[in-house]
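Geometric and topological summary
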Amino acid sequence: MTDATASTTAKDPLPAPRDPKLRRMADALRALAMDAVEKAKSGHPGMPMGMADIATVLFTKYLRYDPHAPDWPDRDRFVVSNGHGSMLLYGLLYLTGYPDMTMAEIENFRQLGSRTAGHPERGHATGIETTTGPLGQGLANAVGMALAERLLAAQFGNEIVDHHTYVLCGDGCLMEGISHEALSIAGHLRLSKLIVFYDDNSISIDGPTSLAVSDDQIERFRAHRWAAERIDGHDTDAIAAAIERAHKSDRPSMIACRTLIAFGAPTKAGTAAAHGSPLGAAEIAATRERLGWEAPPFVVPDEVVAAWRAAGARGATHREAWEARLNAFPTDKRREFLRRQRRELPQGLDRTIAQICEEFRKTNAKIATRQASGTVLDTLTRVVPELIGGSADLTPSNNTLAKDLREVRPGDYSGRYIHWGVREHGMAAAMNGIVVHGGLIPYGGTFLTFSDYCRPAIRLSAFMGAGVIYVMTHDSIGLGEDGPTHQPVEHLAALRAMPGLYVYRPADPIETAECWALALGRRDAPSLLALTRQALPLLRDQPARDNCAARGAYVLAEAEGERHVTLLATGSEVAVAMEARAVLAGDGIRAAVVSMPCWELFAAEPEEYRRHVLGPAPRVGVEAAAEFGWERWIGPRGAFVGMHGFGASAPGEALYRHFGITTEKVAEAARSLL
């Protein structure tokens, strides 16, 4: 075996540690992991036991953190991308002294209501920077964190923003396709303060990784413009030396750590049996004997706890020095930095939105909502300096590059616009990392049909309550000739089904501005704007006292007298409904038109308001998308005009006629209900 190879197998005697104190501290992590998994009868003991030495070196010598000020903005970020090894993180938080991670929480691992969920969940306990578990997501989140650090440093200076992002990941993270996108972005942008520890243990759930993969990860990372090396992941001196080299690199760094999964276990170490199942009482007893760990379950000797708490106390000095530098900052700059950390928007934003809407009315803007969005961004990016834009190689189509934004380039982070390349999944996950890092609000664009490529990351945005703004254009068959591969049909229904995601489909430029205001104001949840390629008429030519879209749905045009029918529509089809209303009026049928830009907001309104908007008359739903979900609003007697299959390649107007989403078809559906 070489010095870059794990220095023991399951049956070999354990080698003498380089530093007995550090080994003892690492063994505390191993004991907590195997005991918690055993008590829960569920979990993954192998990774925490294998990576304990790496985590111990990092947390005792390098990571800057303060358990008593866990949200200190200039702390180093630590991400466990292989989130099934969550007990490693929970053990670290307990041992270093995070007040809300008690031994009782460790003992309650994977139980209802505990802070110690099966995979780390942001918000369950301080010190959990992001939610991980779906493999590769944490790695991509970390790219966003590292990018956020550099962007903020460019804006506020290295004396206030200067920290590293450290990531643990495993073979599964690197097999997932998102890793390719994330590594490529990080290497291209030269995010040199990003350091990844790869748990190179050659084991997966099915067995040895050789069953499914033979990639040379060192060469792969180097091809992505990373610094990469391989070390013995149980040699604390080698771990420390590799971190020192990474700190000096001008590229992101990957340290492949050859480890033994479930290090110390006499028969299950180095096997798939240790990955996702409890070791069992007999194996745990033998492991204790092999490690020389005599303490009973969930007991850590006082001297070991003291050593860990001393390590946790290191960060207070760094934090206090940082606070002194911040207090010496110019008042305006300090206030701006702290405002962003509090996730407060600049004052006067409502007035800004009102001015944008007034300009749309003055020009009687008949433009696509994607163009309206671009116009809104031209102003918002000037008044909301934390807005960071981008697109997955669709900038001219998404209209996401505001006039005053400069581009972020490798080594130059003074811009505020990111060319993510054709990497929708990586973009979305990195934006999650930017949000949870704090201080910035990212928005990123692609076509609505490619939300499928983003979906796992969008789900985590919703799960974490991360206020990412997704700008999804070309939102229906109205995009035309690109055809059914690019025309979303089921996407709105699928996205609306996701808890915690706010889907906005504005009907005209005014609603587009209102929806942008709502998306910006909601810092505790993601927003998705579904925008048209085709031009739409301005439907609201009179100023409104309030943001009409804020209630999710509203009566755009009331019937002249008692309603005979109510036409419900979103986005581009609201104009179709308005035309149908006029046609029906010619027949003596009194129709109201309701615009429904955000179902999620409307569903949260009081029942009395919903009854008022929907009315007692029969209802027709109109949307160039799948019917799924509309039954909630149109009721059992309602009718739906929309899509019932995939689209086709033709000009948009021809497609609307072909699929029957027309004024006459809506009027016909309304007549059929009377």
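Everything discussed here concerns the structure shown above.
All of these numbers come straight from a predicted model, not from anything done at the bench.

Let's talk about the nonpolar core
- Grouped together as the largest cluster of nonpolar side chains are 75 residues, with contacts concentrated most on L147, L191, L194, M254, W420, I458 and L528.
- The leading source of residues in this core is helix α5 (residues 137-156), at twelve residues.
- If we ignore the near neighbours within four places in the chain, the residues touching L194 are A142, V143, A146, T165, V167, A186, W226, P252 and S253.
- Ranked by size, the runner-up nonpolar core spans 73 residues in total, among them L32, A40, L279 and F298.

Regarding the state of the cysteines
- Overall, the coordinates contain zero disulfides when judged by the stated rule.
- There is no disulfide at C173, and the cysteine sulfur nearest it, in C169, is 5.3 Å away.
- C357 forms no disulfide, and the closest cysteine sulfur to it belongs to C548, at a distance of 9.5 Å.

Things to note about the sheet that holds strand β12 (residues 469-473)
- If you walk across this open sheet you meet the six strands as β10-β9-β11-β12-β14-β13, and the pairing is parallel. Of all the strands in the sheet, just β10 (417-419) and β13 (502-504) have a single pairing partner and so form its edges. Neighbouring strand axes in the sheet, compared pairwise and without regard to direction, differ in orientation by 20 degrees on average.
- Where strand β11 (residues 441-447) meets β12, five bridges bridge the pair, whose relative direction is parallel. Considered in β12, the bridge of F447 is made with T473.
- Contacting β11, β12 and β14 (527-530), helix α17 (residues 451-464) runs over the sheet at an angle of about 160 degrees to β12.

Looking at the sheet that holds strand β6 (residues 227-232)
- The strand order across the open sheet formed by five strands is β1-β2-β3-β7-β6, and the pairing between neighbours is parallel. Two strands close off the open sheet at either side, each with one partner strand: β1 (77-80) and β6. On average, each strand axis in the sheet is tilted by 20 degrees relative to the strand beside it, whichever way the strands run.
- Of the strand pairs in this sheet, β1 and strand β2 (residues 165-170) are connected by four bridges, and their pairing is parallel.

Cut-offs and rules
Residues numbered from 1 in each chain as written. Predicted model: local features only at pLDDT ≥ 70, side-chain atom pairs only at ≥ 80, totals over all residues. Heavy atoms only, no water. Core = buried A, V, L, I, M, F, W, Y, C linked by side-chain atoms within 4.5 Å. Buried < 20%, exposed > 50% of the residue type's maximum accessible area, 1.4 Å probe, protein only. Helix = DSSP H or I, 4+ residues; strand = E, 2+ residues; numbered from the N terminus. Contact = heavy atoms within 4.5 Å. Disulfide = S-S within 2.5 Å. Pairing = 2+ DSSP bridges. Axes fitted to C-alpha atoms, helices over the stretch in contact; angles between N-to-C directions.

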